[in-house]
Amino acid sequence: MTQVSIAQPNIVSGTRSWSHYWNYINDPIRFFDDTARDKGNISVLGNPAPLGSRGRHHVVALGEEANRQVFTQVDTFVPGGQVLVGPNGTAQRRLRDGLLAMHGPRHRLHRKIMQPPFSRASVASYVPTMTGLIDQVCDRWVVGEPFDMYEEATTLSNWVAAHILFGHEDFDRSLKTCGLINQWIDLDVKARRLPLILDIPGTPCARLLRHAEVLEEEMRDLIDRKRNEKQPKEDVLSVLVQAAKYPHSHLREIDLIAHTVILHTAAFVTTASSLAWTMYLIAQNPKLAAQLDDEIKMHMTDWPPDPDVVEKMPLLDAVLRETLRLLPPVHHTIRKARHETDLQGVPMRKGDRVLLSAYMTHRDPEIFENPYQFDPTRWFKKKPGPYQYIPFSAGPRLCLGYQFAKLELKLMIIRIMQRFRLGVIANSHVNVECQLTLLPSQGIPMMVNEADGAFSANPVTGNINAIVKNERS
């Protein structure tokens, strides 16, 4: 994508914009692909009302320079949160007002308070817990039987999130809380597909708003139990509850609820999809799988492993980076202009939105040669800049838990390959769908085999074949 700057772009408004907005809601990948092909790196969608000329603009800004401008000007371009805005005074509105929806001094203060559980030392301390849970899930798998890799990845990441965020003392209760958050995410996905967000009984929006009330009440009860513990625990929520006792923290109960819910959303959903796609790509690239298997055998002599040893495995790191390049869990990002400004020469008014796409940036042939090819060896060569590769965002709002996510994923990949050889079932339908993350809409059917090193790929159908090119492509 050649960088261009357009001072006065054509604004697509009224009925001409309907198909664009429809594609954006239902198929963001197609929307960004079509926009880049037809309009270039910068384009503007206006008011969809047939006779309306005023209203909010949506600026689609693709490429490194747009990423740089937006991600560095954090007090000009601010986030709106991950989920739908509920009506004033509702649980939905309160739940979404977590760290990812904050900006300015309030965001910086809360981010600083939330950093300790995600420091390098803290992340390393989670290794025994994570490895134990990984083995518990793997123990359920039976050689010679099929399973859905995405379903298993979801279970695994959910267990880890429940344990780390809410504690293991009452693990069933922690899993129940995670389940309520997962249902909230699913309801949000269904509600946002409708053009109007109205609290009408029986609609997805109404179900979302009622479930948000249930989730909020569950979180309040959980926080009360954490406050009354005689001996504070080490899970993330307990750490935040203790931090909230200090007046200078300015952490209210609703902040604790919103932050923890959003942390689970960020940790659980993104990890599940990333693990599933990584295991799929390893299975579909036999030469790479054999090389990675050799690297794991060379370095992994202990389990649980030393985190420093895990970080010294170059091919494993390259495989994960390449998966996150091709299938970034957060495929696009929305920011709102707080005041009048411009983006690469495009005027923006207060309240206008800008849409950035990691998916499109990662497929820029000027940054990544053969951008659709799964090629982990590219990471042994020239490294991309911080605004050319953005699976965890960039700039001052870089994902707080990215170190945790990377280590968790690497441990999962290592252990699965130590214990099994997974193969994609031939002629499976593997389809990439854009929800909160890029996930396999119909799962990833795989066969559990003994770890015999007999790696082989199988043909599959689905749009994955257009999104990723493998060894056999």
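Structural notes, computed from the coordinates. (Residues numbered from 1 in each chain as written. Predicted model: local features only at pLDDT ≥ 70, side-chain atom pairs only at ≥ 80, totals over all residues. Heavy atoms only, no water.)

Taking 1.5 Å per residue as the helical rise, helix α7 (residues 127-138) with its 12 residues ought to reach 16 Å, and the 16 Å between its terminal C-alpha atoms agrees with that figure. Taken residue by residue, α7 has Val 127, Met 130, Thr 131, Leu 133, Ile 134, Asp 135, Val 137 and Cys 138 as its buried positions. (Helix = DSSP H or I, 4+ residues; strand = E, 2+ residues; numbered from the N terminus. Expected span 1.5 Å × (residues − 1). Buried < 20%, exposed > 50% of the residue type's maximum accessible area, 1.4 Å probe, protein only.)

A word on the nonpolar core. Core analysis: the biggest nonpolar cluster contains 125 residues, and Trp 141, Met 149, Leu 275, Leu 327 and Leu 422 have the highest contact counts within it. A total of 16 residues in this core trace back to one element, the largest contributor, which is helix α12 (residues 253-283). When residues no more than four places from it in sequence are discounted, the contact partners of Trp 141 are Phe 147, Met 149, Glu 152, Ile 416, Phe 420, Leu 422 and Val 448. Counting 18 residues, the second-largest nonpolar core is a separate cluster that includes Val 59, Ala 337, Ala 358 and Ala 394. (Core = buried A, V, L, I, M, F, W, Y, C linked by side-chain atoms within 4.5 Å. Contact = heavy atoms within 4.5 Å.)

This part takes up the sheet that holds strand β3 (residues 58-61). Within a sheet, neighbouring strands are paired by backbone hydrogen bonds and run either parallel or antiparallel to one another. Taking strand neighbours across the sheet as the criterion, the 6 strands line up as β1-β2-β3-β9-β6-β4 in an open arrangement whose pairing is mixed. Looking along the sheet, the strands with just one partner apiece sit at the ends: β1 (11-12) and β4 (77-79). Across 4 bridges, the pairing between strand β2 (residues 42-45) and β3 is antiparallel. If you follow Leu 45 over to β3, its bridge partner there is His 58. (Pairing = 2+ DSSP bridges.)

For the rest of this paragraph, the subject is a positive patch on the surface. Taken together, the side chains of Arg 56, Lys 336, Arg 338 and Lys 350 make up a positively charged region of the molecular surface. Looking at the secondary structure, you find Lys 350 in the loop between β8 (346-348) and β9 (353-357). (Patch = residues over 30% accessible without salt bridge, like charges linked within 9 Å, V, L, I, M, F, W, Y side chains within 5 Å. Areas by Shrake-Rupley, 256 points an atom, 1.4 Å probe, with all protein chains shown as cover. Salt bridge = Lys/Arg side-chain N within 4 Å of Asp/Glu carboxyl O. Lys, Arg positive; Asp, Glu negative; His and termini not counted. Charge placed at Lys NZ, Arg CZ, Asp CG, Glu CD.)

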